[in-house]
Amino acid sequence: MGRGRAKAKQVKVARQLKYNSGGTDLERLRDELGVGDPGRLEDDADDLNDGLADRYADYADDYGTGDDDDGSTSGRR
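Analysis parameters
- Residues numbered from 1 in each chain as written.
- Predicted model: local features only at pLDDT ≥ 70, side-chain atom pairs only at ≥ 80, totals over all residues.
- Heavy atoms only, no water.
- Helix = DSSP H or I, 4+ residues; strand = E, 2+ residues; numbered from the N terminus.
- Buried < 20%, exposed > 50% of the residue type's maximum accessible area, 1.4 Å probe, protein only.
- Areas by Shrake-Rupley, 256 points an atom, 1.4 Å probe, with all protein chains shown as cover.
- Patch = residues over 30% accessible without salt bridge, like charges linked within 9 Å, V, L, I, M, F, W, Y side chains within 5 Å.
- Salt bridge = Lys/Arg side-chain N within 4 Å of Asp/Glu carboxyl O.
- Expected span 1.5 Å × (residues − 1).
- Lys, Arg positive; Asp, Glu negative; His and termini not counted.
- Charge placed at Lys NZ, Arg CZ, Asp CG, Glu CD.
- pLDDT = per-residue confidence, 0-100.

### Quick look at the overall build of the chain
And then number 1: Regarding its fold elements, the chain presents three helices and zero strands.
And then number 2: Helices (α) and strands (β) of the chain occur, in sequence order from the N terminus, as α-α-α.
And then number 3: Each of the 77 residues in the chain was classed as buried or not, and the buried ones make up 0%.
And then number 4: As displayed, the chain has an accessible area near 7900 Å², and 48% of this comes from carbon and sulfur atoms.

Here's what the structure looks like:
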């Protein structure tokens, strides 16, 4: 006996967690997870994309950008 009260309390807490999800402090969560400023992340991504674009532009210059259709067939279909 006495388990009904404990189970009722657990059900109550579970319902509160499920349905009352409002009030999440996203700034505090960001700080706890150690995620930086979103604007800074976009700048880092832009720098990475620029570096990759430069690298592959050099590759395209070295190997040409013409059609590769020379009439030969590859083994794939």
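Now that the structure has been shown, we can carry on.
### Considering a nonpolar patch on the surface
And then number 1: Together, Leu48, Leu52, Tyr56, Tyr59 and Tyr63 line one region of the surface with nonpolar side chains, adding up to about 600 Å² of accessible area.
And then number 2: As for its position among the elements, Tyr56 is in helix α3 (residues 38–63).
And then number 3: Tyr56 sits in the partly exposed class, given a relative accessible area of 48%.

### Some thoughts on helix α1 (residues 3–19)
And then number 1: Over its 17 residues, α1 extends 24 Å from the first C-alpha to the last, a length consistent with the 24 Å expected when each residue adds 1.5 Å.
And then number 2: Where burial is concerned, little of α1 is hidden: zero out of the 17 residues are buried.

### So, the pattern of salt bridges
And then number 1: Overall, the coordinates contain two salt bridges when judged by the stated rule.
And then number 2: Between Arg30 and Glu27 there is a salt bridge, with its nearest N and O atoms 3.1 Å apart. Of this pair, Arg30 and Glu27 both sit in helix α2 (residues 26–33), separated by three residues, roughly a single helical turn.
And then number 3: By relative accessible area, which is 27% here, Arg30 ends up partly exposed.
And then number 4: Overall, the relative accessible area of 49% leaves Glu27 in the partly exposed class.

### With respect to a negative patch on the surface
And then number 1: Taken together, Asp46, Asp47, Asp50, Asp54, Asp58, Asp61 and Asp62 make up a surface patch of like negative charges.
And then number 2: Relative to the helices and strands, Asp46 is located in helix α3.
And then number 3: According to the relative accessible area criterion, Asp46 is partly exposed, its value standing at 42%.

### Describing the confidence of the model for the chain
And then number 1: Per-residue pLDDT for the chain averages 76, and the proportion of residues at 70 or more is 70%.
And then number 2: For the chain, α3 is the element with the lowest average pLDDT, namely 73, and α1 is the one with the highest, namely 90.

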